[in-house]
Amino acid sequence: MGFLPPNVSSFGHHIDSLFWIITIIVGVAFIIAEGIFLYFIIKYRKKDGVKAEYVAGNVWSQTKWVLIPLAIVIALDFFVDIKTHTAWSEIKGGLPQNQDLKIRITGQQFSWAYTLPGADGQLDTDDDIKKTGELHVPADTNIVFDLEAKDVLHSWFVPALRLKQDAVPGRTIRGWFKVTQPGSYEVMCAEICGVGHTIMKSTMIAHSKEEFAQWVANGGSDTAPGAGGADPFADMAKNLFASGAGDAEKGKALVTAKACMACHNLDGSKTVGPTYKGLFGSKRTVTAGGQDKEVVADEAYLLRSIYEPGAEVVKGYPPAMPPQKGLVSEQEAKDIIEYLKTVK
Amino acid sequence: MSTNQTSHHQMTFVQKYIFSTDHKVIGMQYMITGLIMAFLGGFLAYGFRMQLAFPGEAIPLLGKMTAGQYNEFITMHGTIMIFWVAMPVLLAALGNLLIPIMIGADDMAFPTLNMISYWVFFLSTVVLIASFFVPGGAFAGGWTAYPPLSANGYTAHGWSVGLGGNLWIIAVALEFVAFLIGGINFIVTTFNMRAPGLTWFRLPMMVWMMLSAVLIFMFAVGPLIAGAAMLLLDRTVGTGFYNPAAGGDPILFQHMFWFFGHPEVYVILLPTIGVLAEVMTTFARKPIFGYKMIIYATIGAGFLSFVVWAHHQFIAGIDPRMATFFSITTIMISIPFSLIIFASIATLWKSSITLSTPMLFALGFIGEFLIGGVTGIYLGSSAFDIYVHDTYFVIAHFHYALIPTVFFGGLAAIYFWFPKFIGRMYNETLGKVHFWLTTISFNLVFFPLFFSGMAGEHRRIFDYSMWKSLMTPEIMNIRIISTLALIVLFLSQFIFVFNMIKSALSGPKAEKNPWKSNTLEWQADSPPPHGNFAQTPVVHRGPYEYSVPGRSEDYWPQTSAN
Amino acid sequence: MAHTTQTVDISEVPNGRAAMWWVIASEVVIFGGLIMSYLLFRMRYPQWGEYASHTSTPMGALNTLVLLTSSLTVALAHKAATEKNIAATKKYLWFTILGGVIFLIVKSVEYTTEISHGYTITANNFWSFYYAMTGLHAIHVIAGMVAMFLVMQIDVNKGRNLHRVEMAGLYWHFVDIVWIFLFPLLYVAK
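All of these numbers come straight from a predicted model, not from anything done at the bench. (Residues numbered from 1 in each chain as written. Chains lettered and ligands numbered in written order. Predicted model: local features only at pLDDT ≥ 70, side-chain atom pairs only at ≥ 80, totals over all residues. Heavy atoms only, no water.)

Draft legend 1. Spotlight on the pattern of salt bridges. Scanning all chains against the criterion turns up 24 salt bridges over all chains. The shortest N-O distance in the salt bridge between K341(A) and E338(A) comes to 3.8 Å. Of this pair, K341(A) and E338(A) both sit in helix α7 (residues 330-342), three residues apart, roughly one helical turn. In this structure, the salt-bridge partner of R285(B) is D554(B), at a minimum N-O distance of 3.0 Å. Of this pair, R285(B) sits in the loop between α7 (250-284) and α8 (291-304) while D554(B) sits in the segment after α15 (473-506), and the two are 269 residues apart along the sequence. Take R285(B) and D554(B): they sit in the same class, and that class is buried. Bridged by salt links that share partners, the residues R104(A), D124(A) and E148(A) form one connected network. (Salt bridge = Lys/Arg side-chain N within 4 Å of Asp/Glu carboxyl O. Helix = DSSP H or I, 4+ residues; strand = E, 2+ residues; numbered from the N terminus. Buried < 20%, exposed > 50% of the residue type's maximum accessible area, 1.4 Å probe, protein only.)

Draft legend 2. Quick look at the arrangement of the chains. When the two pairs of chains in contact are ranked by number of contacts, first place goes to chains A and B. Without any contact between them, chain A and chain C keep their closest C-alpha atoms 14 Å apart. (Contact = heavy atoms within 4.5 Å.)

Draft legend 3. Local environment of the interface of chain B and chain C. Between chain B and chain C, the contact holds 42 residues from the first and 34 residues from the second. Buried surface at the junction of chain B and chain C, summed over both partners, amounts to about 3100 Å²; 67% is from carbon and sulfur atoms. For the pair chain B and chain C, the interface holds one salt bridge. Of the charged contacts, one joins D249(B) and R44(C) as a salt bridge, the two residues approaching to 3.1 Å between their closest N and O atoms. At the boundary of chain B and chain C, one finds eight residue pairs in polar contact (both at pLDDT 80 or more). Those elements giving two or more residues to the side of chain B that touches chain C turn out to be α5 (163-192), α6 (205-236) and α7 of chain B. With 10 residues, α6(B) is the single largest residue contributor to the side of chain B that touches chain C. (Buried area = accessible area lost by both parts, 1.4 Å probe. Polar contact = N/O pair within 3.5 Å; in protein donor to acceptor, adjacent residues only side chain to side chain.)

Draft legend 4. Inspection of the packing of aromatic side chains at higher detail. All names here are of chain B. Applying the stated criterion across every chain, the model contains 109 aromatic pairs over all chains. Here Y30 and F121 contribute two aromatic rings whose centre-to-centre distance is 5.2 Å and whose plane-to-plane angle is 45°, an arrangement assigned as tilted. Taken together, the residues span a long stretch of sequence, with Y30 in helix α2 (residues 23-53) and F121 in helix α4 (residues 111-130) at a distance of 91 residues. Taking 5.8 Å as the distance between ring centres and 70° as the angle between the ring planes, the aromatic pair formed by F283 and F416 counts as edge-to-face. Here F283, found in helix α7, pairs with F416, found in helix α13 (residues 392-422); they are 133 residues apart in sequence, far enough to count as distant. (Phe/Tyr/Trp six-rings, centres within 6.5 Å; stacked < 30°, edge-to-face > 60°.)

Draft legend 5. The arrangement of the nonpolar core in detail. Of all hydrophobic cores here, the largest spans 371 residues; its most connected members are W112(A), W156(A), F177(A), M204(A), L348(B), M359(B) and W417(B). Per-element tally for this core: the top contributor is helix α3 (residues 67-102) of chain B, with 24 residues. (Core = buried A, V, L, I, M, F, W, Y, C linked by side-chain atoms within 4.5 Å.)

Draft legend 6. Local environment of unusual backbone geometry. Residues and elements named next belong to chain B. Here P147 and P148 are connected by a cis peptide whose omega angle stands at 5°. Tracing the chain through its elements places P148 in the loop between α4 and α5. For the bond from S526 to P527, the omega torsion is -10°, close enough to zero to count as cis. Its location among the elements puts P527 in the segment after α15.

Draft legend 7. Structural view of a nonpolar patch on the surface. Residue and element names in this part refer to chain C. A cluster of nonpolar side chains, namely W94, I142, V146, F149, L150 and I154, defines an oily patch on the protein surface of about 530 Å² accessible area. Per-element tally for the nonpolar patch: the top contributor is helix α5 (residues 125-155), with five residues. Checked against the element boundaries, I154 lands in helix α5. Taking the relative accessible area as the measure of exposure, I154 reaches 39% and is therefore partly exposed. (Patch = residues over 30% accessible without salt bridge, like charges linked within 9 Å, V, L, I, M, F, W, Y side chains within 5 Å. Areas by Shrake-Rupley, 256 points an atom, 1.4 Å probe, with all protein chains shown as cover.)

Draft legend 8. Molecular detail of the sheet that holds strand β7 (residues 163-167) of chain A. Residues and elements named next belong to chain A. The strand order across the open sheet formed by five strands is β4-β10-β9-β6-β7, and the pairing between neighbours is mixed. Of all strands in the sheet, those bounded by a partner on one side alone are β4 (134-138) and β7. Sheet twist, expressed as the mean angle between neighbouring strand axes with direction ignored, is 25°. Note: β4 against strand β10 (residues 202-207), five bridges, orientation parallel. (Pairing = 2+ DSSP bridges. Axes fitted to C-alpha atoms, helices over the stretch in contact; angles between N-to-C directions.)

Draft legend 9. Local environment of the pairing of strand β8 (residues 173-177) of chain A. Residues and elements named next belong to chain A. Of all five residues in β8, four are buried; the element is thus mostly enclosed. As paired strands, strand β5 (residues 143-149) and β8 are joined by five bridges and run antiparallel to one another. Within β8, the residue paired with F145 across the bridge is G175.

Draft legend 10. Fine view of the sheet that holds β8(A). All names here are of chain A. As summarised here, the arrangement of the five strands in space is β3-β2-β1-β5-β8, forming an open sheet in which the pairing is mixed. The open sheet is flanked by β3 (129-132) and β8, the only strands paired with a single partner. Within the sheet, the average angular offset between the axes of one strand and its neighbour, ignoring direction, is 25°. The strands that helix α3 (residues 209-217) touches are β1 (101-108), β2 (111-116) and β3; relative to β3, the one it contacts most, it runs at about 100°.

Draft legend 11. Structural view of α3(B). Residues and elements named next belong to chain B. With 36 residues, α3 extends 49 Å from end C-alpha to end C-alpha; this agrees with the ideal 52 Å at 1.5 Å per step. Roughly 45° is the biggest bend found in α3, and it falls at P88. Counted residue by residue, α3 has 34 buried out of 36 residues, so it is predominantly covered. Among the residues trailing α3, G104 stands out with phi positive, at a value near 80°. (Expected span 1.5 Å × (residues − 1). Bend = angle between axes of the 7 residues up to and from the residue.)

Draft legend 12. Region of the structure containing the interface of chain B and chain A. On the chain A side, the residues contacting the 97 residues of chain B number 83 residues. For the chain B face of the interface with chain A, the top three residues by lost area are I386(B), Y387(B) and M466(B), together amounting to 10%. We note a salt bridge from R171(A) to D249(B), for which the minimum N-O separation is 3.1 Å. Our count for the contact surface shared by chain B and chain A stands at 25 residue pairs in polar contact (both at pLDDT 80 or more). Contributions of two or more residues to the side of chain B that touches chain A are made by α3, α7, α8, α9 (320-332), α10 (334-348), α11 (357-380), α12 (382-388) and α14 (428-454) of chain B. Looking at the side of chain B that touches chain A, the element that brings in the most residues is α10(B), giving nine residues. Looking at side-chain class alone, the side of chain B that touches chain A contains 57 nonpolar, 26 polar and 14 charged residues. (Nonpolar A, V, L, I, M, F, W, Y, C, P; charged D, E, K, R; others polar.)

Draft legend 13. Layout of the environment of Y339(A). All names here are of chain A. Along the polypeptide, Y339 turns up in helix α7. The exposure class of Y339 is buried, given its relative accessible area of 8%. A sequence separation of 63 residues divides Y339 from Y276, and the C-alpha atoms of the two residues are 9.9 Å apart. Beyond its immediate sequence surroundings of up to four residues, Y339 is in contact with A248, G251, K252, V255 and L266.

Draft legend 14. Region of the structure containing α10(B). All names here are of chain B. Here α10 contains 15 residues, and its C-alpha end-to-end distance of 21 Å stays within 8% of the 21 Å for a straight helix at 1.5 Å per residue. The buried fraction of α10 is high, at 15 of 15 residues. K350 sits one or two positions beyond α10 and adopts a positive phi of about 55°.

Any functional reading would require information that these geometric values do not contain.
Pasting the structure below:
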């Protein structure tokens, strides 16, 4: 009804109805209290020759005007407690009997990594599907997740699911959800996790059961393996740089403003992500689709690293960077690359 | 301030105003430091609100903001507003100014200790401000300082690593020490130095509330001091108290923080309840409704406040069964505070109200705090909290609890006792303009944020551009309205500053008892000399004997024999 | 105490003693926070019993004895002070300070042995707690000794404010009691 975003989880209706129960209870109480309060202020303004009445409020005939409303407050409190308990027990109190899919969610600075079982339905086997930034799940399925954190606290928050759970390093927190509608939903990090907290975004894509089965059969891809054509980033690079060089000054400002420097640096040291120092034109070993290969860091490579950072990950680094599609425009990417050429 | 009437020897300027042992001067020092810090905290809010309303634009006076600066700003805003504004203004300043004079004493029990308390606090302020200027900048891990982030994620340690954060811990610890030292005086003075006849149930509510607040503070703060020391060791020496890789537990810090953090809310709230009682009875010309009832409710709330802390951690990974317990205790805390608010409203029944500036702020507190109170029910419900935890709903809620408490309560107190401690009257018209501008802009800043929170807007985000669901025109408008209103709110406070300075210099002289009030401070000169009273006052009755039937006057000072 | 010209101690407890109880109460919750945290870890990790076996129980026991004795001497100092016997007060205060010195020497020997065996503050969380708690306690021992020394120099020597001996004694008993908790927790329970 406008205030809360559409709910797509099986248990979200509990939360939404709690919202309305509490709103009605406290709304009515609030209006009565404020109403009496304002009425008194208007009615009992100082008038000449009229003294206030001496009411100390220390006998029952007077205190009952406060204590009876208080008793009503207590009764309503317990009503809210009971409703809360029902909802809480279903969402967090335990796991459903039928656990159709088990997944692992890992929070890390600054992305969510997801591990799904492959065709064998088991986690921690060779055919696990690992994705950073995108969670694919089937709709109408009880999904049990193990939530972990690599470095600091994070909080896995999907508003459309009405679900939030902190991820704590050193602990595995188990929870569950069931998506009722296929679609694409935003996933946030709700606990401050450092300078890149803002960009810690991922997307939950809920497929129909059949679509999801197909997706798993394809090894975690929307299209069957081997269907890819020419490198789209080589074309993009050609088109972008056909009109001349970018603006390195703007690029320098952009890497700061977009919080790239949270993970990358200019001094050659090893932090969350690889350094920018001497990056352009260097040879590097990357892991792509489970295979190591050598590539040269040219414009096309950098564009891919910005828009599909999970495709080729520099060896020795985690696949932690969230894809920047929609965050960095092509013109901005061009300026950034121009700037990176200057970092020697 | 004149000290001629006292027998004290002539003091130099430094003895009188800088290293003074007079409780009134120390109170003013706390007050002025706190108010200056309030402007700093407000300015930080201006910075990050501008970034949210106009992401990526250069901010007037600050320039373009980075994500790192944003985190520093929000962290320091929270830290300053709680520890360097709310605590010094409401607890230290009002307590020091009022406790001795309200109980008829000449000063605190240990004046030198009192002075030391302020200067330790001052030192903590210096350390905190210095932390803005060290390499790496101020602390940026959120004011709650949850490890492992606040321990540099356990990637590096040493004194110089994240110096801003180390200084932040030291500043907060020093500040706690300052208030613990100050607390000695609050307790001992109230216990031992009350004027003859001033029994416990003749004490003004203000004194009761200060006493409860400082006791709650002392019992709550210990574990956090230990916790902060452990965090500092983790950051500097490399211990692993909160490091899961070394067998530590990051959640432990959350428990220690909120074991203090929740009672802390009442440490701030209780002095304001005290202000409310003094101001309302005076301007409604009526006894407080249910004096003893309110005191018992306060004591009850004090105990209850120690068993609600985990409601800040419903989704932190604690045992789900614990959540039910804490949800029930949290919702139960509405009982004592409903009682206090109901009793305040009942006080207005058949009263005779004058809407002076302090009364407006006191009534404003009730009206606005109700919003903070009822929205607390949403958050106390553990299940609904799953959704709104760490969203702007929480931000709106606690600002509706804290701004009425700290600003409305604090301002009511400042206007109310200004004639007493400065000796001149403030300008009533400017005061009313200040009240209305503050109230309207405050509501425009925070009420819309409930709706962005319900839409799922999560906290501590520097730029929402990448979140499609949070970039709708409605939510963007909320950000802009809230930010513009904040600027109005901030600028309105300069009316207050102007009024205070102008009135202190050239306002009309205040008489002893301009509000025709009952409590002891109004029997001393305005401003009271060093030593407060010419003779020890003798107390004959309770503090709120207004409009007693059969008397021609509608007030009855505690000191008058008949 | 300077400004009590017109008001009197109207509760049963004099100002100084009330203030000292406040200090002790606020310290109790600080140590309480540490001890509670330690206990939570101790219950979670049974192997901490093994770590604890590397602390020296005889030395800890010796220090317990030293502190208990010094508590007795400070009580005697208080008794002498109430009898306005300045010489005896000084004698017993010096004995108490001596007890503090012996305690710190034994503690240093312990620390040295432990560090030389590799049990430093960062060895593991047991040792972090061990050093944090005993270190904080040692700071309190030093503070108590300084307080007694100052009371002696400023007041007792001049025969005034003898009630301050009681305050120093109260504080010293508190420091002693903290040790009574630390000793079994860190040394005895294996």
